[in-house]
Amino acid sequence: MNKNKDVESIVVRLAGDSGDGIQLMGSQFAVSTALSGVDFATFPDYPAEIRAPVGTTFGVSAYQINLGGGPITTPGDAPDVLVAFNPAALKVSLSLLKRGALVILNNDGFTPRNLAKAGYDSDPREGDVLTDFQVITADITHLNLEAVKEFGLSKSEGGRCKNFWALGALLWMFGRDLQSVETWIKRRLAEHPTLRDANITALHAGHAYGETAELAAALPQIHLPEIKLESGEYRSITGAEALALGIAAAGELADKPIMFCSYPITPASPLLHRLSRLCEMGVGTFQAEDEIAAICAAIGASYGGMIGVTSSSGPGIALKTEAMGLAVNAELPLVIVNWQRGGPSTGLPTKTEQSDLYQAVYGRNGDTPIPVLAASTAGDCFEMAIEAVRIALRHMTPVILLADGYLSNAAEPWKIPDVSALRPIKHQPVPDSDESPECRAFTRDADSLGRPWVTPGMPELMHRIGGLEKDVATGHISYDPANHQAMTDLRAAKVELVANFIPDQQMELGDDSGDLVIVGWGSTYGPIYQAARATGTSFIHLRHLHPFPKNLGALLGRFDKVLVPEMNTGQLATLLRDKLCLDPISFPKVSGQPFLISELVEKIAAVKKGQAS
Amino acid sequence: MTEKLTAKDFATSQEVRWCPGCGDYAVLKSVTKALADVGASRENTAFVSGIGCAARFPYYVETYGFHTIHGRAPAIATGLKLANPELDVWVVTGDGDGLSIGGNHLMHALRRNIGLKILLFNNEIYGLTKGQYSPTSRIGTTSPSSPRGSVDAPISPGQFALGAGAKFYARGVDTDKVGMSHVLQQAHAFEGTSLIEIFQNCIVYNEDVFASFTDRKHAANNQLHLKHGEPMLFGENSDKGIYLNRDTLELEVVDATASPEKVLVHDEASATIARLLIDLHLPVALGVIYRQPTVSYEAAFYAHHPSRMQRTKSIGDFIKGPSSWHVD
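Predicted, not measured: the structure shown is a model, and the values here were computed from it.

A.B. asks: How would you explain the overall build of chain A if you had to name every residue and give the values?
C.D. replies: What chain A contains, in helices and strands, is 22 helices and 22 strands. When burial is assessed residue by residue, chain A has 56% of its 613 residues classed as buried. For chain A, restricting intrachain contacts to residue pairs at least 6 apart in sequence, the fraction spanning at least 24 positions comes to 74%.

Here it is, written out as structure tokens:
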């Protein structure tokens, strides 16, 4: 890489110990990137342990960011720049790097002890390991401690400023000013003036290090083009932030308070944290004693007239399963968000996967259909949250919204929507009639089969609901054979009717007929989009997974081959076979890492040549 | 002014389907009477139950009712009470539903002190599943699942409740109309979680398990009816009293006629005495054993919520986030 380079896009990976502040450094770099008008996508990749043993490969925390002129839709395949704070961080990142990548190493992290912990017999800075790369080393720990010496901090306190020192140097490389980061430090450490000043000093010292003679000769400055985005106001957003805003917006659109009931679990907790800061939107958050209590309290809140929402990840969703059936039987609105992660069992808590689609569509006792949606990007989480609430209230049903660990944490620039254009959300009114309260509570709307949302406190509408099979007209307990058939048919029809209210499936890219179409869902949107664009392949991305849009079968039928890449063993492919009698080519990946554009491009080429089926 | 409702106004048209002679009939009667006595309104009352014989209760009360899933009634009732704190929310559970599969939810409802009135029908047996031993069954209980006698030590609902931080714990006997009426009214008036353990006779699978103190022949001598601020007297002529032995820290029975000064006066606010009363065995302590008023969870939840669950801002106030930029 040459000095003062103009490039289209660049992938930067930051890696260090989980206590090194890598995620903070990465997210601040992302914000600074956003403010400079450059497009980006991020991928936080961190261990399940909060503070894994220092210096080990399994304790490495990394943050990858792809930035450039766009459209940038993935965190990038192979990093062009690696900043590694210790040998373990270098070791786990090395195989990912692009040949010729710039590798910046913290000399002070390369102690004999750390080398041994990373499993290096000899120092990689001296052998042949790094011959393919451009290596720059700096005594980051020492330079940082020197810079913050004047504040009289302890060695460990002072040492913790080094992520800001390194961020300062990185921002210099990309020609950024320090304003946004400085503002953030001032706000975050307002009550700790010494730490605040020390971190700001470290930031400036790192920046000055790049700028002055000390490193300018070695460290290239990289100039990225600004994005050619459509005009409007933008912000940086993660899926968790967008989903929280979507739920809050849905409450406003429905003119109902939101009661969000949840139990902490990775990677779902950020939604709980975000919503607990949206009180003034009429949002309440209840941290329940367990996953089951969380969904049950949400059901109770819906029964009481608020919009009950719960959220978890795969294992927690499994625990909520029985209660979902109760909400189906009682015909109550409810939104269940699943931030999927690697499974089975506890699986890979911090790694992403899409392996809960079967669970969402098929995974309950009895014939218990529930509409299933999936968000495709961080920003899309906003729209899909609103869509989930809209369906729940219209049809008086629980709705499952699938997201995943990648969407929860990854940030992207988001065009702020015009909230005045959002349509109000309606629920079924109580009919005026002379019938009994029980009958009025179960008088269903013909188009949606949603029943009126009758809540305790309403006079003369007392009725009983429950988990036992109920009479179709009165809600009384019924074991009548014909009634159970009628209720089972009704529950199935209600979910099928959702398809009448959702938009037809559109092409994401390419012609609407031909030899090959790629079908994706969820957070694989980014890499599939890029691979489809690069290869000129038609691309369809699904957001409504159950039921499918009504035109989907006909649309897919116009292609000879359907390729389905997904981060599981082929669950959407199965669903397409089941619901549309298609025979798609499944392209599964279950490594806990997002798809690389390159591996998709290869697969598409192979399929086009007829080498894969 | 609305007409005052009677117990009959709280009965539904549904046919009650408990076994003939089941203790639940008497409890249902006491509850509908108590609702009338406290002036409850039908639309502002909700019964939430789990699974078990007693869990059919909501279908038999002319209020709002939600018959939910096994063990989860306290969690569902918690969401309901948070959504509408004006409601009177009653939870109907049993020894299996509340202390086995749903023990966690009961524990957390009690520690939060959310405004639920929880009726725990304790018959020391699983009735609906046909007679297996329950978490309150005594060691050696023979049942279809323990033909050689159970080996599990039983849980004490009262000790469980106080250990979890309950602020109201009372006991009643299913057929004791006077005692039940008293504890139901007290539970209704309490702001927070009130737990009533009801000794309920399952005539099919565990008949007379409480007969040692519920049988009319023994009731006077084996039941201690507690009243706050009054001496703990019992016996046919109120001639026996409860004495606190300060050396052994145990409760003992004394001759109340001979040594009236020794008889302990009931203080509902004492958790220490409550724990001793819970373990008292013949006489069995009945009535309000422990009551310690404090702020309810829903009151704290709303007081702590910056806008008391009202929407005071619009999504437009939040959607831009901490910083945004313009693209031309």
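A.B. asks: Can you break down the overall build of chain B residue by residue, with the values?
C.D. replies: A tally of regular secondary structure across chain B gives 10 helices and 12 strands. Here the C-alpha atoms of chain B give a radius of gyration of 22 Å, agreeing with the 20 Å that 2.2 N^0.38 yields for 328 residues. Principal axes of the C-alpha set define a box for chain B whose edges measure 95 × 50 × 45 Å. Residues counted as buried form 49% of the 328 residues belonging to chain B.

A.B. asks: Give me the interface of chain A and chain B: which residues, what numbers.
C.D. replies: Across the contact, 59 residues belong to chain A and 51 residues belong to chain B. At the level of secondary structure, the elements contributing two or more residues to the side of chain A that touches chain B comprise α1 (22-35), β9 (232-238), α10 (239-254), β10 (258-262), β11 (283-287), α12 (291-303), α13 (314-330) and β17 (464-466) of chain A. Ranked by residues supplied to the side of chain A that touches chain B, first place goes to α12(A) with 9 residues. Within the side of chain A that touches chain B, the residues separate by chemical class into 36 nonpolar, 15 polar and 8 charged. Examined bridge by bridge, β17(A) and strand β2 (residues 64-67) of chain B share 3 bridges and lie parallel to one another. Bridging across to β2(B), A:Ile465 finds its partner in B:Phe66.

A.B. asks: Tell me about the domain arrangement of chain A, and name the residues and values.
C.D. replies: Residues and elements named next belong to chain A. Assigned domains within chain A: domain 1 (5-223), domain 2 (235-421), domain 3 (437-501) and domain 4 (514-608). Centre-to-centre separation of domain 1 and domain 2, based on C-alpha positions: 34 Å. Contacts between the two partners involve 14 residues from domain 1 and, on the opposite side, 9 residues from domain 2. Secondary-structure elements contributing two or more residues to the side of domain 1 that touches domain 2 are α1 and β3 (39-45). In terms of residue count, the dominant contributor to the side of domain 1 that touches domain 2 is β3 (6 residues). The residue makeup of the side of domain 1 that touches domain 2, split by class, is 11 nonpolar, 2 polar and 1 charged.

A.B. asks: I'd like to hear about the nonpolar core, residue by residue, with values.
C.D. replies: Proteins that are soluble and globular tend to have nonpolar side chains buried together. A:Leu243, A:Ala297, A:Ile299, A:Ala385, A:Val389 and A:Leu401 are the most contacted members of the largest nonpolar core, which totals 263 residues. Once you skip the residues sitting within four places of it in the chain, A:Ala297 turns out to touch A:Cys261, A:Phe286, A:Ala288, B:Ala75, B:Ile76, B:Thr78 and B:Gly79. Ranked by size, the runner-up nonpolar core spans 5 residues in total, among them B:Ile125, B:Tyr126, B:Cys202 and B:Tyr205.

A.B. asks: An account of the sheet that holds strand β16 (residues 411-415) of chain A is requested, with residue identities and associated values reported.
C.D. replies: An order of β16(A)-β9(A)-β12(B) is seen for the 3 strands of this open sheet, with the pairing classed as antiparallel. Strands at the two margins of the open sheet, each flanked by one partner only, are β16 of chain A together with β12 (324-327) of chain B. Averaged over neighbouring strand pairs, the angle between their axes works out to 35° when direction is ignored. Relative to β9(A), α10(A) is tilted by about 110°, and along the sheet it contacts β9 and β16 of chain A.

A.B. asks: Give me the lowdown on the environment of A:Met396, citing residues and values where you can.
C.D. replies: Residues and elements named next belong to chain A. Mapped onto the elements, Met396 comes out in the loop between α15 (380-395) and β15 (398-404). For the pair Met396 and Ala15, spaced 381 residues apart in sequence, the C-alpha separation works out to 47 Å. Setting aside residues up to four positions removed in sequence, Met396 forms contacts with Glu331, Leu332, Pro333, Gln428, Gly450, Arg451 and Trp453.

A.B. asks: If you had to explain the sheet that holds β11(A) to someone new, which residues and values would you point to?
C.D. replies: One key point about sheets: their strands pair by backbone hydrogen bonds, in either a parallel or an antiparallel sense. Taking strand neighbours across the sheet as the criterion, the 7 strands line up as β11-β10-β12-β13-β15-β14-β20 (chain A) in an open arrangement whose pairing is mixed. In this open sheet, the two strands that pair with only one neighbour each are β11 and β20 (544-546) of chain A. Across this sheet, the average inter-strand angle for adjacent strands is 25°, counted without regard to direction. Most of the contacts of α12(A) go to strand β12 (residues 307-312) of chain A, to which it runs at about 165°, and overall it touches β10, β11, β12 and β13 (334-340) of chain A. Strand contacts of helix α2 (residues 73-83) of chain B: β10, β11 and β12 of chain A, with the helix running at about 150° to β10(A), the strand carrying the most contacts.

A.B. asks: Residue-level account of helix α2 (residues 87-94) of chain A, with values.
C.D. replies: Residue and element names in this part refer to chain A. For α2, a buried count of 6 out of 8 residues is recorded, marking the element as mostly surrounded by other parts of the structure. Along α2, the residues classified as buried are Pro87, Ala88, Ala89, Leu90, Lys91 and Ser93. Residues of α2 that are buried in the fold lie against β2 (9-17), β4 (60-68), β5 (81-84), β6 (102-106) and α3 (112-117).

A.B. asks: Talk me through the confidence of the model for chain B; I want residue IDs and the actual numbers.
C.D. replies: Averaged over all residues, the pLDDT of chain B equals 96, while 99% of them reach at least 70. Interface confidence in the predicted complex, given as ipTM, is 0.98; pTM for the same model is 0.89.

A.B. asks: So what's going on with helix α6 (residues 162-173) of chain A? Residues and values would help.
C.D. replies: Residues and elements named next belong to chain A. When the terminal C-alpha atoms of α6 are compared, their 17 Å separation across 12 residues agrees well with the 16 Å that a helix rising 1.5 Å per residue should span. Taking burial as the measure, the 12 residues of α6 include 12 buried ones, the bulk of the element. Positive phi shows up at Gly175, right after α6, with a value of about 65°.

A.B. asks: Can you lay out the pairing of β4(A) for me, pointing to particular residues and giving the numbers?
C.D. replies: All names here are of chain A. The buried fraction of β4 is high, at 9 of 9 residues. Of the two faces of β4, the one carrying Val60, Ala62, Gln64, Asn66 and Gly68 and the one carrying Ser61, Tyr63, Ile65 and Leu67 are both buried. Bridge count for β2 against β4 is 9 bridges, and the pairing is antiparallel. Looking at β4, one finds that Gly16 is bridged to Ser61. Taken together, the 7 bridges between β3 and β4 define a ladder with antiparallel strand orientation. Bridged to Pro44 within β4 is Tyr63.

A.B. asks: Lay out unusual backbone geometry with the relevant residues and their values.
C.D. replies: Excluding glycine, most residues fall at negative phi; most peptide bonds, likewise, are trans. With omega at -5°, the peptide bond leading from A:Gly343 into A:Pro344 counts as cis. Position of A:Pro344 among the secondary structure elements: in the loop between β13 and α14 (357-362). A cis geometry characterises the amide bond from A:His546 onward to A:Pro547, with omega recorded as -5°. Relative to the elements of secondary structure, A:Pro547 occurs in the loop between β20 and α20 (552-556). The phi dihedral of B:Lys130 falls on the positive side, at around 80°, and the residue is not glycine. Among the residues examined, B:Lys130 registers 12 C-beta atoms within 10 Å and is labelled exposed. Although it is not a glycine, B:Leu249 sits at a positive phi angle of roughly 55°. Along the chain, B:Leu249 falls in the loop between β9 (240-245) and β10 (250-255).

A.B. asks: Explain the pairing of β5(A) to me, and be specific about the residues and the numbers.
C.D. replies: Residues and elements named next belong to chain A. Burial along β5 is two-sided: the face carrying Val81 and Val83 and the face carrying Leu82 and Ala84 are both buried. Relative to β5, β2 runs parallel, the two sharing 4 bridges. Note on β5: the bridge partner recorded for Arg13 is Leu82. Inspection of the sheet shows β5 paired to β6 by 4 bridges, in the parallel sense. The residue bridging Leu82 from the neighbouring strand is Val103, located in β6. The parallel pair β5 and β6, bridged by α2, forms a crossover whose chirality is right-handed.

A.B. asks: I'd like a rundown of the packing of α12(A) against α13(A), residues and numbers included.
C.D. replies: Helix packing geometry: the angle between the two helix axes and the distance between the axes. All names here are of chain A. Two elements in contact, α12 and α13, have axes whose closest approach is 8 Å; the angle formed by their N-to-C orientations is 30°. Here α12 is positioned roughly parallel relative to α13, judged by the angle of their axes. For α12 against α13, the interelement crossing comes out right-handed. Across from Glu291, Ile292, Ile295, Cys296 and Ile299 in α12, the residues of α13 making contact are Gly316, Leu319, Lys320, Ala323, Leu326 and Ala327. Residue composition of the contact of α12 with α13, grouped by class: 8 nonpolar, 1 polar and 2 charged.

Cut-offs applied
Residues numbered from 1 in each chain as written. Chains lettered and ligands numbered in written order. Predicted model: local features only at pLDDT ≥ 70, side-chain atom pairs only at ≥ 80, totals over all residues. Helix = DSSP H or I, 4+ residues; strand = E, 2+ residues; numbered from the N terminus. Buried ≥ 20, exposed ≤ 12 C-beta atoms within 10 Å, placed from the backbone. Contact = placed C-beta atoms within 7 Å. Rg over C-alpha atoms; globule rule 2.2 N^0.38 Å. Nonpolar A, V, L, I, M, F, W, Y, C, P; charged D, E, K, R; others polar. Pairing = 2+ DSSP bridges. Domains from an automatic or database assignment. Core = buried A, V, L, I, M, F, W, Y, C linked by C-beta atoms within 7 Å. Axes fitted to C-alpha atoms, helices over the stretch in contact; angles between N-to-C directions. pLDDT = per-residue confidence, 0-100. Expected span 1.5 Å × (residues − 1). Right-handed = clockwise from strand over helix to strand, strands pointing away. Parallel < 35°, antiparallel > 145°, perpendicular 65-115°, else oblique. Left-handed = near helix turned anticlockwise from the far one by under 90°.

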